[in-house]
Amino acid sequence: MADRYQNHTHQQGGGDSYGTYGEGGGPDGYGYQADYPSQEEDAASDATEGHDEEDQMYEGEYQGIPHPDEVKAAQRAARAKARPAGSTISDLEELSEQYEDIMGDCGHGKFQWMLFVVLGLALMADGVECFVVAFALPSAEKDLCLSNAEKGMLGLVVFLSMMVGAFLWGGLADKLGRRRCLMVALAINCVFAFLSSFAQGYGFFLFFRLLSGIGIGGTVPIVYTYFSEFLQMEKRGEHLSWLCMFWMMGGIYASFTAWGVIPRYGWGFSMGSEFQFHSWRVFVLVAALPAIMSLVGLTFMPESPRFLLENAKHDEAWMILKQVHDTNWRAKGQPEKVFTVTHIKAPKTAEDEFIEIQTATGTPVQRWAVRSLRICKLVLRNVASLLSAELRFATLFMAIIWFCMAFSYYGLSVWFPDMIKHLQHEEYESRLKTFHGERVENFQFNFSLENQIHREGEYIRDKFVGIEIKSVKFEDSLFEDCLFEDIRSTDTMFENCTIRSTIFYNTDLWKEKFIDCRMENNTFEHNKHGCHLDTTDENDVLVYLVSFLGSLAVLPGNIISALFVEKIGRVRIIGGSMLISAGCSFFLLLSFSQSAIIALQCLFCGVSAAAWNGIEVVTVELYPASKRATAFGVLNALCKLAAVLGSSIFASFVGITKAIPILLSFTALVCGGLVALRLPDTRQKILQ
C-alpha cells in the first residue's frame, strides 16, 4: 500500500531555504505516510500496532471513491494550474499550502470546539470591559465623589487603554506567541480589575482601570489570529463569525449582572468610614469572571503551530498538530487514524532571532534590557512593514473601513442612551412645579419634596424631618428658626437665600448646597461629609434594558453572517451591512420617542454585527502569519481611537441637535461601505 502513494512524495532538494522535520518530502513539502506506516517510523501511532500493513486496504477503493491523499493531490494540482504560467511558487505560498493540507488532515472537531469556548470567554471579557465603567459609574460617582470632568476621564480611559493594549499585545503576539501573550494580557486584566474594586480613591481607581484596559485590549487581535490558525479554509469564515457571538454575550452578561447586583445595596460592607465596599464594587469583581475562566482554560491549550513554524520550531509544531489530529479523530470514533505527516517545512528566521547575552556576561537586568529592546525593534519593524508595497493598499482600505465603522457604531452606542436620558429629563422637567411667594409657619414637612422650585418663600419655625429632597431649588427665600434633621438630598440647592438660627442635624446639606446665601447663627451637627450613595433609583433599570436589548439585537446579525459569509462572501457582507446601517441611522431623524429610538438601536446593532464579523474575518485573511496579529492590533487600536472621537463628538450634541450626529454617522458608514466593496474576495484564500 505504501508504494501506491509514492507518486505523491518526492525527494527534497537541497537548494531551498526551508528547515525540515523528519524524512522524505519534496518540493511541495508534503511528507505524508501511508495510512498504516511501519512501526519503526517516528510518526507512527500506537493504534497501528498488531496490524499487517500489506493486509490493510482503503475501504472506498471498491466503490471508486478517491483516496483522501488523491483528493489532496488534486487540490494541489488545481492550485498549481491556477497560478500564472511560468511563475514559481514562493516559500511563503509553499508553507501556506502545506499547512492548509495538514489542517485538512487534522479535521475540525473536539479540539477546535474546546479552543472556541476558551477563546470565546476571552472575547466575552472584552465585551464586558466596555460596559463595566458605564454601569458602575452612577454609583461610583457618589461613592468616589466624582466631578463631571472626572467621570468623563474615567469613560475615556477605558477606550484609550484598550487602544494601547491592542497595539502592544498584537505586536508582541507575532514575536512571542499567541497563547503566551494572551495569557499575560488576561492575567493583567484580572489582577487590576480585582484591585480596582477595592480602590477607595479616584486616582487609584482610574489607574487600576487603565492597566486593566491595557490587558484586555490585547484579546481581540490575539483571539482571532490564534483561532484562525487552527481552522481549515472552508471552515474559517463561518467559525470566526460564530466566535463573534461571545462579544454579544459579554454585553448581555454585563447588563444582567449589573441589574442583579448594583441595586442590591445590602451586598456590600464597610470598615469604618475609611473603607467602603458597596454593591457596585461587587459587580466589578463579578465582571472579571469571564477573563478568569478563559485564563484557566488557556493553561490547557497549546501554542499556535503556525506561529511555531514561523519561528522554526518544527518539533513543537509537529507535536501540537499531532495532538489536534488525534484529539479530533478519537472524538469521532476513529482512534486508529494515523497522523501521516512525517516532516514539516518552515522558513528560517535568522533575521528575526532574538539576540541573547551569554549567561556569563552581563547582569540579568542587562540581558532583559537587551532582549526587550530587540523585541521592540522587531515589533516596530513589523508595524512599518504593513505599509510595504504588497500590503499598502490592503492596510489603507482596512484602516478606512475600521475607522468609519467604529466611529459610527461607538458614537451611536453612546448617543442612544444619552438621547433617551435627555428625553426622560425633558419629560421630567415638563412636570416641574413652581411655588412663588409662599409663607409657611410652624409646619412639619413629613413628605418628600421632588422636582420643585420655590421662589421668594418664607419658612418660619418649620421642621423638615426624615425626608428626601430631590431636584428642589429654593431661590430668594427666608428660613428662620427651622430644623433640618435626617435629610437626604439629590440635586438640591439654596440660591441667594437668607438662613437664620436654623439647625442642620444629620443631613448632607453642606457648603456646596448654599450658593450666595446669607448664613446667620446657624448650627450644623453630625452632618454627612463628602459623597454618599443615593439608594433610590440612581441606577435606572432602563439603562440596563437598553444595553441588554442592544446586545441581544446583535444575535440575528451574527447568525446571518455566520451562515452566509461563505456563500455571499465577506466583501458583500461588509459593504451591504454598512450601507443598510447607514439607512438605519438616517431614519433616526424621524424618531421622536424613546420607543422609536430603542427600536432603531436594535436594528442598527443587529445589522452592524454582520459588518463587524466580515471585517474581522477579512482582517485575518489579508495578512501573512508573521504580521497577522500586528495588523489586527494596529487596526483595532485605530478602532478604539475612532470610538473615542465618535463618542465624544456625538455626546456633545445631545440636547442641541440630532441632525449632525446622524449625518456624520450616515456619511461615515456610506464611505466605509463603498470602500469595502473594493476589497478582494478572500473566501478561497489560503492563510499565508
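Residues numbered from 1 in each chain as written. Predicted model: local features only at pLDDT ≥ 70, side-chain atom pairs only at ≥ 80, totals over all residues. Heavy atoms only, no water.

1. Here we look at the overall build of the protein chain
No. 1: Summing up its helical and strand segments, the protein chain has 21 helices and 21 strands in all.
No. 2: Looking at the protein chain as a whole, 53% of its 688 residues qualify as buried.
No. 3: Restricting to contacts in the protein chain with at least 6 residues of sequence separation, those with at least 24 account for 67%.
No. 4: For the protein chain, the exposed area adds up to about 30400 Å²; of that, 60% sits on carbon and sulfur atoms. (Helix = DSSP H or I, 4+ residues; strand = E, 2+ residues; numbered from the N terminus. Buried < 20%, exposed > 50% of the residue type's maximum accessible area, 1.4 Å probe, protein only. Contact = heavy atoms within 4.5 Å. Areas by Shrake-Rupley, 256 points an atom, 1.4 Å probe, with all protein chains shown as cover.)

2. Thoughts on the pattern of salt bridges
No. 1: Evaluation of the coordinates by the stated rule reveals 18 salt bridges.
No. 2: Notably, a salt bridge pairs Glu129 with Arg209, separated by 3.0 Å at the nearest N-O pair. One end of the pair, Glu129, is in helix 3 (residues 110–143); the other, Arg209, is in helix 6 (residues 202–216), with 80 residues separating them in the sequence.
No. 3: By relative accessible area, which is 3% here, Arg209 ends up buried.
No. 4: The partner of Glu229 in a salt bridge is Arg178, with the nearest N and O atoms 2.7 Å apart. Of this pair, Glu229 sits in the loop between helix 7 (219–228) and helix 8 (233–243) while Arg178 sits in helix 5 (residues 178–198), and the two are 51 residues apart along the sequence.
No. 5: Overall, the relative accessible area of 0% leaves Arg178 in the buried class.
No. 6: Among the charged side chains, a network of salt bridges with common partners joins Asp174, Arg178, Glu229 and Arg628. (Salt bridge = Lys/Arg side-chain N within 4 Å of Asp/Glu carboxyl O.)

3. Structural notes on the sheet that holds strand 20 (residues 518–520)
No. 1: The sheet built from five strands is open, its strands ordered 8-11-14-17-20 with parallel pairing. Of all the strands in the sheet, the pair left with one neighbour each is strand 8 (439–441) and strand 20. For this sheet the average axis-to-axis angle between neighbouring strands, irrespective of direction, equals 5°.
No. 2: Of the strand pairs in this sheet, strand 14 (residues 478–480) and strand 17 (residues 498–500) are connected by three bridges, and their pairing is parallel. Bridge pairing in strand 17 places Leu478 opposite Thr498. (Pairing = 2+ DSSP bridges. Axes fitted to C-alpha atoms, helices over the stretch in contact; angles between N-to-C directions.)

4. Observations concerning the packing of aromatic side chains
No. 1: Throughout the structure, instances matching the rule amount to 44 aromatic pairs.
No. 2: Among the aromatic residues, those joined into a ring-pair cluster are Phe443, Phe445, Phe447, Tyr459, Phe464, Phe474, Phe479, Phe484, Phe494, Phe504, Phe514 and Phe524.
No. 3: In this structure, Lys332 is placed above the aromatic ring of Trp329, and the distance from its NZ or CZ to the ring centre is 4.6 Å. (Phe/Tyr/Trp six-rings, centres within 6.5 Å; stacked < 30°, edge-to-face > 60°. Lys NZ or Arg CZ within 6 Å of the ring centre and 35° of its normal.)

5. Thoughts on the packing of helix 19 (residues 594–622) against helix 20 (residues 628–652)
No. 1: Interaxial distance between helix 19 and helix 20 falls to 9 Å at its minimum, and their mutual angle equals 145°. Contacts between helix 19 and helix 20 involve Trp612, Glu616, Thr619 and Val620 from the first element and Arg628, Phe632, Leu635 and Cys639 from the second.
No. 2: In terms of residue class, the contact of helix 19 with helix 20 is built from five nonpolar, one polar and two charged. (Nonpolar A, V, L, I, M, F, W, Y, C, P; charged D, E, K, R; others polar.)

6. As for unusual backbone geometry
No. 1: Even without a glycine there, the phi angle at Asn442 is positive, about 50°.
No. 2: As for its placement among the helices and strands, Asn442 is situated in the loop between strand 8 and strand 9 (444–445).
No. 3: On the accessibility criterion, Asn442 (54% relative accessible area) is exposed.
No. 4: Even without being a glycine, Asp481 presents a positive backbone phi close to 55°.

7. Considering the confidence of the model for the protein chain
No. 1: Looking at the protein chain, the pLDDT average stands at 79 and 80% of residues meet or exceed 70.
No. 2: Within the protein chain, strand 1 (residues 18–19) has the poorest average pLDDT of any element, 39, and helix 11 (residues 289–298) the best, 94.
No. 3: Across residues 1–63, where pLDDT falls below 50, the model places 139 contacts with residues more than four positions away in sequence or in other chains.
No. 4: Contacts of residues 350–358 to residues separated by more than four positions or lying in other chains number 20 contacts, the stretch itself having pLDDT below 50. (pLDDT = per-residue confidence, 0-100.)

8. Digging into the nonpolar core
No. 1: Judged by nonpolar contacts, the single largest core of 153 residues is most densely connected at Tyr224, Met398, Ile401, Trp612 and Tyr623.
No. 2: Take this core: its biggest share by element is 19 residues, from helix 3.
No. 3: One finds Phe445, Tyr459, Phe484 and Phe504 within the second-largest nonpolar core, a separate group that totals 20 residues. (Core = buried A, V, L, I, M, F, W, Y, C linked by side-chain atoms within 4.5 Å.)

9. Some thoughts on the environment of Met245
No. 1: Examined against the element boundaries, Met245 turns out to sit in helix 9 (residues 245–261).
No. 2: Along the primary structure Met245 and Met124 are separated by 121 residues, whereas in three dimensions their C-alpha atoms are 8.5 Å apart.
No. 3: Apart from residues lying up to four places away in sequence, Met245 is in contact with Leu555 and Asn558.

10. Topic: the pairing of strand 13 (residues 468–475)
Two faces make up the sheet, and in a regular strand the side chains alternate between them.
No. 1: Where burial is concerned, most of strand 13 is hidden: seven out of the eight residues are buried.
No. 2: Strand direction decides the pairing type here: strand 10 (residues 449–455) and strand 13, joined by six bridges, are parallel. In the strand pairing of strand 13, His454 is matched with Phe474.
No. 3: Where strand 13 lies against strand 15 (residues 483–490), three bridges are found, and the strand directions are parallel.

11. Some remarks on the environment of Gln444
No. 1: Note on placement: Gln444 falls in strand 9.
No. 2: In this structure Gln444 comes out as partly exposed when scored by relative accessible area, which is 42%.
No. 3: Residues Gln444 and Lys463, spaced 19 residues apart in sequence, show a C-alpha to C-alpha distance of 4.5 Å.
No. 4: Sequence-distant contacts of Gln444, that is, excluding residues within four places in its chain, are made with Lys463 and Val465.

12. Quick notes on the side chain of His454
No. 1: As for its placement among the helices and strands, His454 is situated in strand 10.
No. 2: When its relative accessible area of 6% is taken as the criterion, His454 is described as buried.
No. 3: At 2.5 Å, the side chain of His454 and the side chain of Glu438 are in polar contact.
No. 4: Side-chain polar atoms of His454 contact the side chain of Tyr459, separated by 3.2 Å.
No. 5: Discounting chain neighbours no more than four positions away, the residues touching His454 are Phe435, Glu438, Tyr459, Val472, Lys473, Phe474, Glu475 and Ser477. (Polar contact = N/O pair within 3.5 Å; in protein donor to acceptor, adjacent residues only side chain to side chain.)

13. Some details on helix 21 (residues 659–676)
No. 1: Its 18 residues give helix 21 an end-to-end C-alpha distance of 26 Å, which sits within 8% of 26 Å, the value for a rise of 1.5 Å per residue.
No. 2: Buried within helix 21 are the following residues: Pro661, Ile662, Ser665, Ala668, Leu669, Gly672, Gly673, Val675 and Ala676. For helix 21, the angular spread of the buried residues around the axis is 165°, confining them to a single face.
No. 3: Contacts from the buried residues of helix 21 go to helix 15 (392–430), helix 18 (570–587), helix 19 and helix 20. (Expected span 1.5 Å × (residues − 1). Arc of directions from axis to C-beta.)

14. Quick word on the side chain of Glu475
No. 1: Looking at where Glu475 falls in the secondary structure, it is placed in strand 13.
No. 2: Polar contacts involving the side chain of Glu475 include one to the side chain of Lys473, which spans 3.1 Å.
No. 3: If near-sequence neighbours (up to four positions away) are discounted, Glu475 is found in contact with Ile453, His454, Arg455, Glu456, Glu495 and Cys497.

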